[in-house]
Amino acid sequence: MRFISPKTDFAFKKIFGSNRSKKILISFLNAIVYEGKNTIKSLEIIDPYNPGSTSTLKDTYLDVRAVLDNDSTVIIEMQVLNVEAFEKRVIYNIAKAYGNQLDMGEQYTTLRPFIALSIADFLLFKNSSQMINRFRLKEEKQLFNYRDELTLIFIELPKFNKELSELETLSDKWIYFLKAAPSLEMIPESLGAVPEIEEALTIASRANLSHQELEELHKQEVFIGDRKGEIAIAKIEQNLKFISLVIEQKFGAVNPELMTTIEKLSLSELDRLIETILTFQAMEDLERWLDNFR
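Draft legend 1. Highlighting the overall build of the protein. The helix and strand inventory of the protein stands at 10 helices and 6 strands. Reported as C-alpha extents along the three principal axes, the dimensions of the protein are approximately 65 × 50 × 40 Å. Within the protein, contacts between residues separated by at least 24 positions form 63% of all contacts whose residues are at least 6 apart in sequence. A total of about 16700 Å² of accessible surface is found on the protein, and carbon and sulfur atoms cover 51% of it. Distance between charge centres in the protein, computed from 36 positive and 45 negative side chains, equals 3 Å.

Here is the structure:
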């Protein structure tokens, strides 16, 4: 068996946002939002996904929305690309959705809580080792909640490095599913022991997809790959400009041979150089650092 990646629009909405997804979504949200507690008993998916409803490739994020049995509304978003102002968009979306509950003349007492669950396929909070970070409005010094009306939850997939044999909690298993589904060749026993994850993998099985659905999936995968390439190139160019400017300001004219060596560095290596270059006291420090890559 081979499985599609839940990170594409087609797969994510088919798995978590279709009419047959309620039990899957309940299990996932109980695992992530309520830390494994069986809090949600039922929910209603807003605008459920139907085959053929995915049309354009105009954006790089997607969402599933549901009203929970405690009257909260949750917006689940998968973000595959680290685009500019992503954090601002998360705040805008939840604030707009919260405010749009009221029609003209309705009372504020009718407002219900909103939860924004953002799944990022990149690092967001480098100063935090936690894979899941939660935010609410709190008093600055005593840290008590203002009201639990707006909750922001972020999952950073790159921080999850557990192997299949190391999975312990329900959240471990769901996040492993999000990351590793395409690499699986069968449904592992530990994942199949959770009926909702087994059902999610059944939905994600390539064998259960039509030719048209596989074509749609391929288009989205190519689109995401192209966008990742464009973003990487833009970041490399930005990093090179910054490094060149720092060298010129700290050490004088930029040595062309030195810049040629720097231009051959990967994006991650350039990021490391940016973190280090401000500590260099002389050009020799930079040259010694670069010796590791010559």
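Draft legend 2. Looking closely at empty space enclosed by the protein. Applying the stated criterion to the full structure yields 1 cavity of 30 Å³ or more. The computed volume of the largest cavity comes to approximately 50 Å³. Lining of the largest cavity is provided by Ile75, Glu77, Val90, Asn93, Ile94, Ala116, Leu117 and Ser118. Sorting the residues of the lining of the largest cavity by element identifies β3 (73–79), α3 (86–99) and β4 (114–120) as the ones contributing at least two each. Each residue belonging to the lining of the largest cavity can be placed in one class, and the counts come to 5 nonpolar, 2 polar and 1 charged.

Draft legend 3. Seen up close, the side chain of Asn30. Looking at the secondary structure, you find Asn30 in helix α2 (residues 22–32). Take Asn30: its relative accessible area is 4%, and that puts it in the buried class. Residue contacts for Asn30: discarding those within four places in its chain leaves Glu35, Gly36, Lys37, Asn38, Thr39 and Ile40.

Draft legend 4. Just the layout of surface pockets, in detail. Estimates place the volume of the second largest pocket at around 560 Å³. Taken together, 21 residues form the lining of the second largest pocket, with Asn82, Phe122, Leu123, Lys126 and Lys235 sitting closest to its centre. Those elements that provide at least two residues to the lining of the second largest pocket are α7 (211–251) and α9 (267–277). Considering every element that reaches the lining of the second largest pocket, the biggest residue donor is α7, with 6 residues. By residue class, the composition of the lining of the second largest pocket is 11 nonpolar, 3 polar and 7 charged.

Draft legend 5. A look at the packing of α2 against helix α6 (residues 195–203). In the contact formed by α2 and α6, the axes pass within 9 Å of each other and the chain directions differ by 125°. One finds that α2 runs oblique with respect to α6. Considering how the two elements wind past one another, α2 and α6 form a crossing that is left-handed. Here Lys23, Ile24 and Ser27 of α2 lie close against α6, whose contacting residues are Glu196, Glu199, Ala200 and Ile203. Here the residues of the contact of α2 with α6 sort into 3 nonpolar, 1 polar and 3 charged.

Draft legend 6. Representation of helix α8 (residues 256–263). Along α8, the residues that are buried comprise Leu258, Met259, Thr261 and Ile262. All buried residues of α8 project into a common sector of 155° when viewed along the axis, lining one side. In α8, those exposed residues whose orientation departs by more than 90 degrees from the buried face are Pro256 and Glu257.

Draft legend 7. Highlighting the packing of aromatic side chains. On inspection of all chains with the given rule, the structure shows 11 aromatic pairs. Relative to Phe114, the ring of Tyr98 has its centre 6.4 Å away and its plane inclined at 85°; by these criteria the two rings are edge-to-face. Residue Tyr98 is located in helix α3, and its partner Phe114 is located in strand β4; the two are separated by 16 residues in the primary sequence. For the residue pair Tyr98 and Phe114, the accessibility class agrees, reading buried in each case. Considering the side-chain rings of Phe135 and Phe154, the 5.9 Å spacing of their centres and the 75° angle between planes classify their relative orientation as edge-to-face. Here the residue Phe135 occupies a position in strand β5 (residues 132–135), and Phe154 occupies one in strand β6 (residues 150–156), the gap between them amounting to 19 residues. Looking at Phe135, the relative accessible area reads 36%, which means it is partly exposed. An aromatic cluster is defined as three or more aromatic residues linked by ring pairs; in this entry it consists of Phe12, Phe16, Phe28, Trp174 and Phe177.

Draft legend 8. Summary view of unusual backbone geometry. With a phi close to 50°, Glu35 is a non-glycine residue in the positive phi region. Inspection of the secondary structure assignment puts Glu35 in the loop between α2 and β1 (43–46).

Draft legend 9. The arrangement of the environment of Phe144 in detail. As for its placement among the helices and strands, Phe144 is situated in the loop between β5 and β6. On the basis of relative accessibility, which here comes to 46%, the residue Phe144 falls in the partly exposed class. It is 27 Å that separates the C-alpha atoms of Phe144 and Ala120, two residues lying 24 residues apart in sequence.

What counts as what
Starting from 1, residues in each chain are numbered consecutively following that chain's sequence as written. For a predicted model such as this one, the threshold for reporting local features is a pLDDT of at least 70, and the threshold for listing and counting side-chain atom pairs is 80 or more; totals across whole chains, interfaces and linings nevertheless cover every residue. For the side-chain quantities, the full set of heavy atoms in the structure was used; hydrogens and water were omitted. Where helices and strands are cited, they refer to DSSP runs of H or I of at least four residues and of E of at least two residues respectively, numbered from the N terminus. Should any heavy atoms of two residues lie within 4.5 Å, those residues are considered in contact. Computed with a 1.4 Å probe, the accessible areas rest on the Shrake-Rupley method; for each residue, only the protein chains presented here act as cover. In this tally, Lys and Arg are treated as positive and Asp and Glu as negative; His is ignored, and so are the chain termini. By convention, charge coordinates are those of NZ in Lys, CZ in Arg, CG in Asp, or CD in Glu. Using a grid of 1 Å spacing that covers the protein atoms alone, one calls a set of points a cavity when a 1.4 Å probe fits there but cannot get out, and a pocket when the set is open and has protein on both sides within 12 Å along at least five of seven lines; lining residues are those with an atom within 4 Å of a point. Grid points are joined across faces, edges and corners, and a volume is the space filled by probe spheres set on the points. Classification used: nonpolar for Ala, Val, Leu, Ile, Met, Phe, Trp, Tyr, Cys and Pro, charged for Asp, Glu, Lys and Arg, polar for all others including Gly. Note on exposure labels: buried denotes an accessible area under 20% of the residue type's maximum, exposed denotes more than 50%, and partly exposed covers the range between, all computed with a 1.4 Å probe on protein chains only. A fitted line through C-alpha atoms represents every axis, and for helices the fit uses only the stretch in contact; the resulting angles, taken between N-to-C directions, go from 0 to 180 degrees. Here is the rule for angles: anything less than 35 degrees is roughly parallel, anything more than 145 is roughly antiparallel, 65 through 115 is roughly perpendicular, and the remaining ranges are oblique. Crossings are classed by handedness, with left-handed meaning an anticlockwise turn of the near helix from the far one by less than a right angle and right-handed meaning a clockwise turn. Taken from the helix axis, the directions to the C-beta atoms give the arc we talk about. Note on aromatic contacts: the rings of Phe and Tyr and the six-membered ring of Trp form a pair at centre separations within 6.5 Å, being stacked when their planes are under 30 degrees apart, edge-to-face when over 60 apart, and tilted otherwise.

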